[in-house]
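Commentary on secondary and tertiary structure
Single-letter residue listing:
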Amino acid sequence: MGQAKLVLVATALMLSMVTLSDEIDDNMRREQERQTAFVLGFEIIVDALNQGSYELFANAIDRDDFLARIFGLRLIDPRVKRDFSEQMKLQFTGLVRGGFRDSKDSIKAALLGIESLGDRGRAVVRFDLGGLQYSYHEYDLRLDADDRVIVVDWIDYLQGERFTDGVGNSLVMMAPSTQASRKLIENKTVKDADMFQFAELLKAARDRDAERYINIINSLTPELQRERIVVLTSVQLTKLSRNRRLLRTALAQMAKYYPFDPLYSLMLLDYYVPTQKLDEALTALQATYKQLGFDDAAMEARISAISLAKGNATDASTFAQRAIELEPGLELAWWSALRARVALADYTGSIEALDRLEKEHGHKLGRVELERDKSFAPLLASAEFAAWADGRP
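What you are looking at is a predicted structure, and each value in this text was computed from that prediction instead of being measured.

It is a probe the size of a water molecule, rolled over the atoms, that shows where empty space is left. Inspection of the entire model under this criterion finds one cavity of 30 Å³ or more. Of the pockets and cavities examined, the largest cavity occupies roughly 40 Å³. For the lining of the largest cavity, the secondary-structure elements that each account for two or more residues are strand S2 (120–130) and strand S3 (133–143). Residues that form the lining of the largest cavity fall into these classes: three nonpolar, four polar and three charged.

Now the structure itself:
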């Protein structure tokens, strides 16, 4: 090959490399723009929820796509389907608001993180339910052609399912035929006679008739009793009934068949912790934490509390400190730190936690109040507490 040709080839290669480099830069810049759009757009939606408005959230949902997800491949009675479609046109915001029922009077949401690739995104939000209790939602997001955030669907970890699945299954329960009921279960070899009983179970759940529900479920075959929809519906129904005994039984079944499912860990804590199944509680909670995929002070504080209950004060203190570093203003983090530090005889650190809980969270934690909990006895006997107590107003 002549020298002139070599020069031409080299020039062509350099030009192609420059073009490729420009394309890579453009793609990187576009990806950064999308990531920024996800963060800014969803932060605005969460802020609106914290201010008591559901309109931005509802308006961020593609209603046709949402309806298609609710209906899916489910065999919903045509009349139920038609009525629901009509209600959606007039009461869509009310439907969406039902997805935040655990927050009760007001929403206190904290955006833990957003990750995205292209026009698809994922966000995790923590909800403060009061009484040092928390729930989590995991949102599927996308961007439209104008880079506006669209809420596709979400998982509610305190309900153990996607929102559209919960709504869709409830529509089937409104008028559950044998064929429609069969589509809800995983085991397709169940006999029709047993499916009739299952359909009756769904009707009892629809009517929130816990007593009838329990009578029917006890007559189901073991194969049907372990079906995911049966296990989850049992927990959801008994939670609504506020019957602790029935809820404990339902949670025991969930622990039997789905002990470490990340979707169910938050619910199972109400079974594992009171029954002192602390290894199971820790494993389940860590599975959910891993599934969420973002750092969270409340999760760290909960893991701290379980570690302390297991007798591992050192780990408990480490997790509590991590919670404080992540979110210094989180009350649960300071309670976990207080208990862990007392267990380690770190009374200086314990006083710091007491001080924070009094000054920033409105508690009165003098000797009289702390004497109610025997675990604080060593702290009350310490010189550090005596000096702190003397200096309090």
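Time to look at the sheet that holds S3. Ordered in space as S1-S2-S3-S4-S5, the five strands form an open sheet in which the pairing is antiparallel. With one partner strand each, in any of the chains shown, strand S1 (109–117) and strand S5 (161–162) form the two edges of the open sheet. Of the pairings in the sheet, the one linking S1 to S2 comprises eight bridges and is antiparallel in character. Bridging across to S2, alanine 109 finds its partner in phenylalanine 127.

Moving on, we come to the environment of phenylalanine 260. Here phenylalanine 260 is to be found in the loop between helix H11 (244–257) and helix H12 (265–272). Sequence separation between phenylalanine 260 and alanine 281 is 21 residues, and the spatial gap between their C-alpha atoms is 8.8 Å. Excluding residues that lie within four positions of it along the chain, phenylalanine 260 makes contacts with Glu280, Thr283, Ala284 and Ala287.

This paragraph deals with the nonpolar core. Counting 60 residues, the largest nonpolar core has Tyr136, Met254, Leu338, Leu354 and Leu379 as its most contacted members. Contact partners of leucine 379, with chain neighbours within four places excluded, come to Leu338, Val342, Tyr347, Ser350, Ile351, Leu354, Leu370 and Phe385. In this structure, Phe42, Leu67, Leu202 and Tyr213 belong to the second largest nonpolar core, which totals 57 residues.

Enumeration according to the criterion identifies 16 aromatic pairs in this entry. Between phenylalanine 57 and phenylalanine 100, the ring centres sit 5.2 Å apart and the planes meet at 80 degrees, which makes this aromatic pair edge-to-face. Pair noted here: phenylalanine 57 is in helix H2 (residues 55–59) and phenylalanine 100 is in the loop between helix H4 (78–97) and S1, with a separation of 43 residues, a long-range link. Following the ring pairs from residue to residue traces out a cluster consisting of Phe42, Tyr54, Phe57, Phe66, Phe92, Phe100, Phe127, Tyr139, Trp154 and Phe163. Above the ring of phenylalanine 71, the side-chain terminus of lysine 81 is found at 4.9 Å from the ring centroid.

Along the chain, arginine 126 turns up in strand S2. Residues contacting arginine 126, with those up to four places away along its chain left out, are Lys108, Ala109, Ala110, Leu112, Tyr134, Ser135, Tyr136, Asp296, Ala297, Ala298, Glu327 and Leu330. Among the polar contacts made by the side chain of arginine 126, one reaches the side chain of aspartate 296 at a distance of 2.7 Å. At 2.9 Å, the side chain of arginine 126 and the side chain of glutamate 327 are in polar contact.

What counts, and at which threshold
Residues numbered from 1 in each chain as written. Predicted model: local features only at pLDDT ≥ 70, side-chain atom pairs only at ≥ 80, totals over all residues. Heavy atoms only, no water. 1 Å grid on protein atoms, 1.4 Å probe; cavity = no way out; pocket = protein on both sides within 12 Å on 5 of 7 lines; lining within 4 Å. Points joined across faces, edges and corners; volume = space filled by probe spheres on them. Helix = DSSP H or I, 4+ residues; strand = E, 2+ residues; numbered from the N terminus. Nonpolar A, V, L, I, M, F, W, Y, C, P; charged D, E, K, R; others polar. Pairing = 2+ DSSP bridges. Contact = heavy atoms within 4.5 Å. Core = buried A, V, L, I, M, F, W, Y, C linked by side-chain atoms within 4.5 Å. Buried < 20%, exposed > 50% of the residue type's maximum accessible area, 1.4 Å probe, protein only. Phe/Tyr/Trp six-rings, centres within 6.5 Å; stacked < 30°, edge-to-face > 60°. Lys NZ or Arg CZ within 6 Å of the ring centre and 35° of its normal. Polar contact = N/O pair within 3.5 Å; in protein donor to acceptor, adjacent residues only side chain to side chain.

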